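Chain and residue survey
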Amino acid sequence: MMESQLRISLTDQRKEKPDSSKLGFGIHFTDHMFMMDYTAGKGWHDPRIIPHGPLTLDPAAMVFHYGQAVFEGLKAYRNKNGEVRLFRPDQNFKRMNRSLARLDMPQVDEKFMVEALKKLISVEKEWIPTEPGTSLYIRPFVIATEPYIGVRTSSTYKLLILLSPVGAYYENGMNPVKIYVESHYVRAVRGGTGEAKVPGNYAASLKAQAEAHDKGYDQVLWLDGVENKYIEEVGSMNVFFKVNGEVWTPALNGSILQGITRDSTIQLLKDWGVPVIEKRIAVEELLQAYQNGQLEEAFGTGTAAVISPIGELNWNGHVMTVNDNKTGQLTQKIYDTLTGIQYGQLEDKFGWSVVVTE
Ligand SMILES: *Cc1c(COP(=O)(O)O)cnc(C)c1O
């Protein structure tokens, strides 16, 4: 698909922009959105930037019944010089294609999608806040739209991209979170959809999240769905532990989401000469490291928070307090480096940062 096919129809009713000190997350949406349609036999067609507004769908649309849907999440960052940047957007559309393939949905043209996204962002550039830590959250997603309530793959889809200005994740500096290690519910199993970024994984996780919240925890750490023994990931983040000078993270095993922040963190650590070990990590092994005084730092990685330090883990009543409940030095360094690259304030030797407009 060519960029020249992108149709743009701008609204004449621009909304008032929210106060950038009170943005929150995912509450406000910009004036426009991207949409395109897929029809079997014809492929993706009619890419367009149109006013943000409600969709009209038949209530029999297959997404409502069998959950054929995938999504992505990334951000655009605007710095003091007015430059707007994306962080590794090609990786998001690559992953979207892997998620689409898993749900038997049609592939998209990754290059075209990055170009279409850049165009949408330049149309909406005035919506990107500039205060430190703020950004424009980008939500691409694909839904099955065919009106049919038999179980099979849909023959029509819509792909949309919504934009939402968001506040700084950490308004008063980084706060370590409390994590409940979940031993009853599971998020994903090998061969399932854990590796795909699909809404159904989240639907299945909400109950455990709510119960952990009631017990005073911020997030759930998921164990593997077969033996309930090996660490997988935290809520919507991948997880890392610094143990005796090494950094451990669960190896990708088919049920763990392949985070782009995870991959970037591993590349940075290797570049700094910090040993990174991707392996199967039993909670028991982590508890032993803790008891031996070797669990030095722990953190989650994901687009929303970038890096989220972990101050406490509770596994079946075994409470592990990490680094006195304070953000570790290495954790802070990764955060500062990634955000520095994202805002175009640090050297980007990996070529991760993509300038949208100057
Ligand atoms: C999106 C997501 C992540 C983090 O991925 P990033 O690409 O780093 O934002 C981790 N786990 C789950 C379950 C996710 O959906």
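Please read these numbers as outputs of a predicted model, since none were measured by experiment. (Residues numbered from 1 in each chain as written. Predicted model: local features only at pLDDT ≥ 70, side-chain atom pairs only at ≥ 80, totals over all residues. Heavy atoms only, no water.)

Quick notes on the nonpolar core
So the rule is basically this: Side-chain atoms within 4.5 Å link the members of a nonpolar core, which is a set of buried Ala, Val, Leu, Ile, Met, Phe, Trp, Tyr and Cys residues. For each residue, the accessible area found with a 1.4 Å probe, counting protein chains only, is set against the maximum for its type, and the residue is called buried under 20%, exposed over 50%, and partly exposed in between. The contact definition used throughout considers only heavy atoms, calling two residues in contact when any of these lie within 4.5 Å.
Counting residues in hydrophobic clusters, the biggest one holds 48 residues, and the most contacted among them are F34, M113, I121, I138, V142, L159 and I161. Among residues more than four places away in sequence, those in contact with V142 are W44, Q68, A69, V70, M96, L100, M105, Y157, K158 and L159. Formed by 24 residues, the second largest nonpolar core is a distinct cluster that contains V181, A289, I310 and L313.

Topic: the site of the ligand
Selection criterion: Here a residue counts as near a molecule or strand whenever at least one of its heavy atoms sits within 4 Å of it. The term polar contact refers here to a pair of N or O atoms within 3.5 Å; inside protein, the definition further demands a hydrogen-donor-capable atom paired with an acceptor-capable atom, and it admits residues adjacent in sequence only when both atoms are side-chain atoms. Per-residue and other accessible areas were derived by the Shrake-Rupley procedure at a 1.4 Å probe size, with only the shown protein chains allowed to occlude residues. Gly falls in the polar group here, along with every residue not listed as nonpolar (Ala, Val, Leu, Ile, Met, Phe, Trp, Tyr, Cys, Pro) or charged (Asp, Glu, Lys, Arg).
Taken together, 15 residues are adjacent to the ligand, and K197, Y202, E233, T261 and T303 come closest. Contacts to the ligand include Y202, whose side-chain N or O atom sits 2.5 Å from an oxygen atom. Here T261 contributes a side-chain N or O atom positioned 2.6 Å from an oxygen atom of the ligand. If the ligand stood free it would expose 380 Å²; the protein chains cover 96% of that surface. Of the residues belonging to the shell around the ligand, the class tally is four nonpolar, seven polar and four charged.

Some thoughts on the packing of aromatic side chains
Rules: Under the pairing criterion, centres of Phe, Tyr and Trp rings, with the six-membered ring standing for Trp, must be within 6.5 Å; the plane angle then separates stacked pairs below 30 degrees from edge-to-face pairs above 60, leaving the rest tilted. Working definition: helices are DSSP H or I runs of at least four residues, strands are E runs of at least two. Numbering for both runs from the N terminus. Note on geometry: a ring has a charge over it if NZ (lysine) or CZ (arginine) is within 6 Å of the ring centre and within 35 degrees of the ring normal.
For the structure shown, the criterion picks out nine aromatic pairs. Between the aromatic rings of Y180 and Y217, the centroid separation amounts to 5.6 Å while the plane-to-plane angle is 55 degrees, which identifies the pairing as tilted. Taken together, the positions of Y180 in strand β9 (residues 177-182) and Y217 in the loop between α5 (206-214) and β10 (219-223) put the pair 37 residues apart, joining distant regions of the chain. Here Y180 and Y217 have matching classes, each one buried. Summarising the aromatic geometry, the rings of F240 and F299 are spaced 5.1 Å apart at their centres and angled 5 degrees between planes, so their arrangement reads as stacked. Of this pair, F240 sits in strand β12 (residues 238-243) while F299 sits in strand β15 (residues 295-302), placing them 59 residues apart in sequence. Judged by its relative accessible area of 0%, F240 is buried. Look at F299 and you get buried, because its relative accessible area is 1%. Directly above the ring of Y230 sits R280, whose terminal nitrogen or CZ lies 4.0 Å from the centroid.

Comments concerning helix α3 (residues 110-123)
Put simply, the test is: To estimate the expected span of a helix, subtract one from its residue number and multiply by 1.5 Å.
Spanning 14 residues, α3 covers 20 Å between terminal C-alpha atoms, matching the ideal 20 Å at 1.5 Å per step. For α3, the set of buried residues is F112, M113, V114, A116, L117, L120 and I121. Between a side-chain oxygen at the N-terminus of α3 and the backbone nitrogen of K111 the separation is 3.2 Å; the capping residue is D109.

Any functional reading would require information beyond the geometric quantities listed.
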